[in-house]
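# Overview (structure and organization)
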Amino acid sequence: EAAVTQSPRSKVAVTGGKVTLSCHQTNNHDYMYWYRQDTGHGLRLIHYSYVADSTEKGDIPDGYKASRPSQENFSLILELASLSQTAVYFCASSDTRDAETLYFGSGTRLTVL
Amino acid sequence: GDSVTQMQGQVTLSEDDFLFINCTYSTTWYPTLFWYVQYPGEGPQLLLKVTTANNKGISRGFEATYDKRTTSFHLQKASVQESDSAVYYCVLGIYQGGRALIFGTGTTVSVSP
């Protein structure tokens, strides 16, 4: 049973449009993360959160916002989608006692046209 | 700055071949080193963890060793199977207020029967 669920699994968006990617975890983990995966770059951290109602910037936050309304839910928001944001996005969670073991969702493939 | 480098982008093998993937890292922190594996259509998952204390980790037939002198970290398996086809990420773990993981660019391993 998947403990980190991302929705949608894939999405096509138009340039300049707003996109919201959602993540829900049932691991009871405090830490949650959004990563972006591109060929040749591996996974890069966009935003992360240690607790509900608080988010932190990762390594590549420009053009992205994050929202953590509850322990279980973490969203990634692209207010003005651009072509360069075409990528696969992964959400992950981890426990405070073992923060480096990440549990990933299956990813959202975003195509911006 | 802190970084991790995987030079091998793609490795092609036949079943029962020996697998060896190398990775180098740079950090001023005491590192923990990980290998994450991503099977097709899934998110990455932890395969192995190696700390500076133990220098070696073993899981699911894979072995990872770490050399502090050369700041290198490699993954090996004596006899691969088709089911080992996946992307393998070398990951550097450092403590920066909890934001701890730096992913390499990944090595795609393709095993033919």
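One structure accompanies this document, and this report is about it. These figures come from a predicted structure and were not determined experimentally. The numbers attached to residues start from 1 for each chain and follow its sequence in the written order. Here every chain gets a letter starting at A, and every ligand a number starting at 1, in the order they are written. Where local features are concerned, this predicted model is filtered to residues with pLDDT of at least 70; where side-chain atom pairs are given and counted, the filter is 80 or more; whole-chain, interface and lining totals use all residues. As a rule here, side-chain values come from all non-hydrogen atoms in the structure, and water together with hydrogens is ignored.

### Some points on the layout of surface pockets
Empty space among the atoms becomes apparent when a probe as large as a water molecule is rolled across them. The line we're drawing: Computed over the protein atoms alone on a 1 Å grid, cavities are sets of points where a 1.4 Å probe fits but cannot get out and pockets are open sets with protein on both sides within 12 Å along at least five of seven lines; a residue lines them when it has an atom within 4 Å of a point. Grid points are joined across faces, edges and corners, and a volume is the space filled by probe spheres set on the points. Runs of H or I in DSSP of at least four residues are treated as helices and runs of E of at least two as strands, each being numbered from the N terminus. Residue classes follow a fixed rule: Ala, Val, Leu, Ile, Met, Phe, Trp, Tyr, Cys and Pro count as nonpolar, while Asp, Glu, Lys and Arg count as charged, and any other residue, Gly among them, counts as polar.
The computed volume of the largest pocket comes to approximately 680 Å³. Sorting the residues of the lining of the largest pocket by element identifies β4 (31-38), β9 (87-95) and β11 (108-112) of chain A together with β9 (86-93) and β11 (107-112) of chain B as the ones contributing at least two each. Residue contributions to the lining of the largest pocket peak at 4 residues, all from β11(A). Taken together, the residues of the lining of the largest pocket sort by class into 9 nonpolar, 18 polar and 4 charged.

### Side note on the interface of chain A and chain B
Stated formally: Only heavy atoms enter the contact rule, under which two residues are in contact if any of them lie within 4.5 Å. For any pair of parts, buried area is found by adding up, for both, the accessible area (1.4 Å probe) each one loses once the two are put together. Only one rule defines a salt bridge in this text: a Lys or Arg side-chain nitrogen within 4 Å of an Asp or Glu carboxyl oxygen. Here a polar contact means two N or O atoms within 3.5 Å. Within protein one must be a hydrogen donor candidate and the other an acceptor candidate, and residues neighboring in sequence count only if both atoms are side-chain atoms.
Listed by partner, the interface residues are 21 residues for chain A and 21 residues for chain B. The junction of chain A with chain B conceals about 1,600 Å² of combined surface from both sides, 53% of it contributed by carbon and sulfur atoms. Linking K49(B) and D98(A) is a salt bridge whose minimum nitrogen-to-oxygen distance equals 4.0 Å. Here chain A is connected to chain B by 5 residue pairs in polar contact (both at pLDDT 80 or more). Contributing elements (two or more residues each) for the side of chain A that touches chain B: β4, β5 (42-51) and β10 (98-104) of chain A. Here the side of chain A that touches chain B is composed, by residue class, of 8 nonpolar, 8 polar and 5 charged.

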